[in-house]
Amino acid sequence: MKLLVPPGVYAPQEDTALLAGVLDAVPIRAGERVLDIGTGSGALALDAARRGARVTAVDVSWRAVHTTRLNAWRAGLRVRAVRGDLCAPVAGETFDVIVSNPPYVPAPGRAWGPRGAARAWDAGLDGRMLLDRICRDAPQLLRPGGTLLLVHSALSGAGRTLEHLGAAGLDAAVVEHRRVPFGPVLRGRRDWLRRQGLLAQAQDDEELVVIRAERPR
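Conventions and cut-offs
- All residue numbers refer to positions counted from 1 along the written sequence of the respective chain.
- The predicted origin of the model limits local features to residues at a pLDDT of at least 70 and limits the giving and counting of side-chain atom pairs to 80 or more, whereas totals for whole chains, interfaces and linings rest on all residues.
- Here the side-chain values reflect all heavy atoms present in the structure, with hydrogen atoms and water set aside.
- DSSP-based pairing: two strands are paired if at least 2 bridges between them are found.
- Comment: elements are numbered from the N terminus, with helices defined as DSSP H or I runs of at least four residues and strands as E runs of at least two.
- Only C-alpha atoms enter the line fits that serve as axes; for helices the fit covers just the stretch in contact. Angles between N-to-C directions range over 0 to 180 degrees.
- What makes two residues a contact is simply this: any of their non-hydrogen atoms within 4.5 Å.
- For the exposure calls, accessible area comes from a 1.4 Å probe over protein chains only, and a residue counts as buried if that area is under 20% of its type's maximum, exposed if over 50%, partly exposed in between.
- It is the directions from the helix axis to the C-beta atoms whose arc is reported.
- For this analysis, a nonpolar core means a set of buried residues of the types Ala, Val, Leu, Ile, Met, Phe, Trp, Tyr and Cys, connected via side-chain atoms within 4.5 Å.
- One speaks of a salt bridge when a side-chain nitrogen belonging to Lys or Arg is within 4 Å of a carboxyl oxygen belonging to Asp or Glu.

**A closer look at the sheet that holds strand β4 (residues 95–100)**
Next, step 1: Sheet architecture is open: seven strands sit in the order β3-β2-β1-β4-β5-β7-β6, paired in mixed fashion. Each end of this open sheet is capped by a strand with a single partner; those strands are β3 (79–83) and β6 (171–181). Each strand of the sheet is rotated relative to its neighbour by a mean of 15 degrees, with strand direction disregarded.
Next, step 2: Of the strands in this sheet, β4, β5 (142–153), β6 and β7 (205–214) touch helix α1 (residues 14–24), which is tilted by about 140 degrees from β6.
Next, step 3: The sheet strands contacting helix α3 (residues 62–75) are β2 (54–59) and β3, and the helix crosses β3 at an angle near 170 degrees.

Right, dumping it as structure tokens:
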């Protein structure tokens, strides 16, 4: 089924597909609980629901929440979609699998967070405005033996993600990666990224990485 993606909601792209491929390889038994942080159009949430999981999808955008609910209804799937800031709406709950494709694009500094459509990709000077919070908060929601899957650009520092998740008690590793051409946002920031030292002079693509982290039983 083709997803409905209205203006202002993040449409599934290469990072979504890369993360979905890794999610497909994670064993999910019927009735297990899955959390999708930053669900956008609900693509990953629906993938998990098709496998019989009980899925909760969170997004800070009401438009994304309504889009996920609509796409789930069209697919005949049950997804609990709620609005909120990352892990806050599910504080105190636990999950067998957590999946997230959060905003991770480095952006010129501002004294406040991004607004409008840019909330789906802008993530501060180093691209870690939300990544660091997910690394801090998501491990607390994982059940023993649970799995966290996280996709982001290597421009945002995969090593730092591994370090933070390890400090949180998870066994973490990069399990998939793919080089993709710059999209319009990064093309427009190419010179700025080079001045920041985040991009080599001859580089015109980015590396996407998927990190898998396990909570020991």
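**A short note on helix α5 (residues 158–167)**
Next, step 1: Burial in α5 covers these residues: Ala158, Thr161 and Leu165. Buried residues along α5 cover an arc of 55 degrees about the axis, so they all sit on one side. The exposed set on the far side of α5, more than 90 degrees from its buried face, consists of Gly159, Glu163 and Ala167.
Next, step 2: In this structure, the buried residues of α5 make contact with α4 (131–137), β5, β6 and β7.
Next, step 3: One or two residues past the end of α5 sits glycine 169, with phi positive at roughly 95 degrees.

**Here we look at the pairing of β7**
Next, step 1: Here β5 runs beside β7; their pairing, made up of seven bridges, is antiparallel. Note on β7: the bridge partner recorded for serine 153 is leucine 208.

**Things to note about unusual backbone geometry**
Excluding glycine, residues mostly carry a negative phi; peptide bonds, for their part, are mostly trans.
Next, step 1: Positive phi values are uncommon outside glycine, yet leucine 86 reaches one of about 50 degrees.
Next, step 2: Inspection of the secondary structure assignment puts leucine 86 in the loop between β3 and β4.

**Overview of the nonpolar core**
Next, step 1: In this structure, Leu35, Ile37, Val55, Val79, Ile98 and Leu148 are the most contacted members of the largest nonpolar core, which totals 61 residues.
Next, step 2: For this core, the leading source of residues is helix α2 (residues 43–50), giving six residues.
Next, step 3: Not counting chain neighbours up to four residues away, the residues in contact with leucine 35 comprise Thr56, Val58, Val90, Phe95, Val97, Ile98, Val99 and Leu141.

**Remarks on the pattern of salt bridges**
Next, step 1: Within this structure, the stated rule accounts for 16 salt bridges.
Next, step 2: Put simply, aspartate 205 and arginine 179 hold a salt bridge, and the shortest N to O gap is 3.1 Å. One end of the pair, aspartate 205, is in strand β7; the other, arginine 179, is in strand β6, and 26 residues separate them in sequence.
Next, step 3: Of the residues examined, arginine 179 reaches a relative accessible area of 46% and is grouped as partly exposed.
Next, step 4: Taking the shortest distance from any N to any O, the salt bridge between glutamate 207 and arginine 179 comes out at 3.9 Å. In this pair, glutamate 207 is assigned in strand β7 and arginine 179 in strand β6, connecting sequence segments 28 residues apart.
Next, step 5: Connected through salt bridges with shared partners, the residues Asp126, Arg128, Asp132 and Arg160 form a single ionic network.

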